[in-house]
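If you want the building blocks of each chain, they are given just below.
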Amino acid sequence: MITINGKVSKIKVLKLDESPLVRFSLDDVSCLIKIHSLNFMWEVAEGSEVVACGEYNSRKQFVVRKYCVMKKE
């Protein structure tokens, strides 16, 4: 797994489902989260500092498996 950190921006819900697909940017890296996405939307606001673990998909988007909020805005 790869770890990245930075400030969250451009939060957008792409697909509403039982667990929504959420897209956001983490210091200019395009990220997707589906696992724990409801908790992510509740805990994280734009400008929050986050550490995320995951891997890149074929479209060069970072797919988040785990995250931790370091500083909330």
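These remarks concern the structure in this document. Note that this is a predicted model, so its numbers are computed, not measured.

## Overview of the sheet that holds strand β2 (residues 21–26)
Strand order in the closed barrel made by the 5 strands is β1-β2-β3-β5-β4, with mixed pairing throughout. Strand-to-strand twist of the sheet, defined as the mean angle between neighbouring strand axes without regard to direction, takes the value 50°. By the bridge criterion, 3 bridges tie strand β3 (residues 29–33) to strand β5 (residues 62–71) in an arrangement that is parallel. Within β5, the residue paired with C31 across the bridge is F62.

## Digging into the pattern of salt bridges
Taken as a whole, this structure holds 1 salt bridge when the rule is applied. As a salt-bridge pair, R65 and E55 come within 3.2 Å of each other at their nearest N and O atoms. Here R65 is found in strand β5, whereas its partner E55 is found in strand β4 (residues 49–56), with 10 residues between them in sequence. With relative accessibility at 33%, the residue R65 sits in the partly exposed group.

## So, the side chain of S48
Relative to the helices and strands, S48 is located in the loop between α1 (37–43) and β4. A relative accessible area of 0% places S48 in the buried class. Here S48 is in contact with G6, K7, V8, K71, K72 and E73, once residues within four sequence places are set aside.

## Re unusual backbone geometry
Despite not being glycine, D27 shows a phi value in the positive range, around 50°. Mapped onto the elements, D27 comes out in the loop between β2 and β3. For D27, a relative accessible area of 47% translates into the label partly exposed. Of note in this structure, D28 is not a glycine but carries a positive phi near 70°. Here D28 is to be found in the loop between β2 and β3.

## Overview of a negative patch on the surface
A surface patch of like charges, here negative, comprises D27, D28, E49 and E73. With relative accessibility at 77%, the residue D28 sits in the exposed group.

## Describing the pairing of β4
Where strand β1 (residues 2–15) meets β4, 6 bridges bridge the pair, whose relative direction is antiparallel. Across the sheet, residue I4 finds its bridge partner in β4, namely A52. Of the pairings in the sheet, the one linking β4 to β5 comprises 8 bridges and is antiparallel in character. Its bridge partner being in β5, E55 is matched across the sheet by V63.

Each value, and the rule that gives it
- Residues numbered from 1 in each chain as written.
- Predicted model: local features only at pLDDT ≥ 70, side-chain atom pairs only at ≥ 80, totals over all residues.
- Heavy atoms only, no water.
- Pairing = 2+ DSSP bridges.
- Helix = DSSP H or I, 4+ residues; strand = E, 2+ residues; numbered from the N terminus.
- Axes fitted to C-alpha atoms, helices over the stretch in contact; angles between N-to-C directions.
- Salt bridge = Lys/Arg side-chain N within 4 Å of Asp/Glu carboxyl O.
- Buried < 20%, exposed > 50% of the residue type's maximum accessible area, 1.4 Å probe, protein only.
- Contact = heavy atoms within 4.5 Å.
- Patch = residues over 30% accessible without salt bridge, like charges linked within 9 Å, V, L, I, M, F, W, Y side chains within 5 Å.
- Areas by Shrake-Rupley, 256 points an atom, 1.4 Å probe, with all protein chains shown as cover.
- Lys, Arg positive; Asp, Glu negative; His and termini not counted.
- Charge placed at Lys NZ, Arg CZ, Asp CG, Glu CD.

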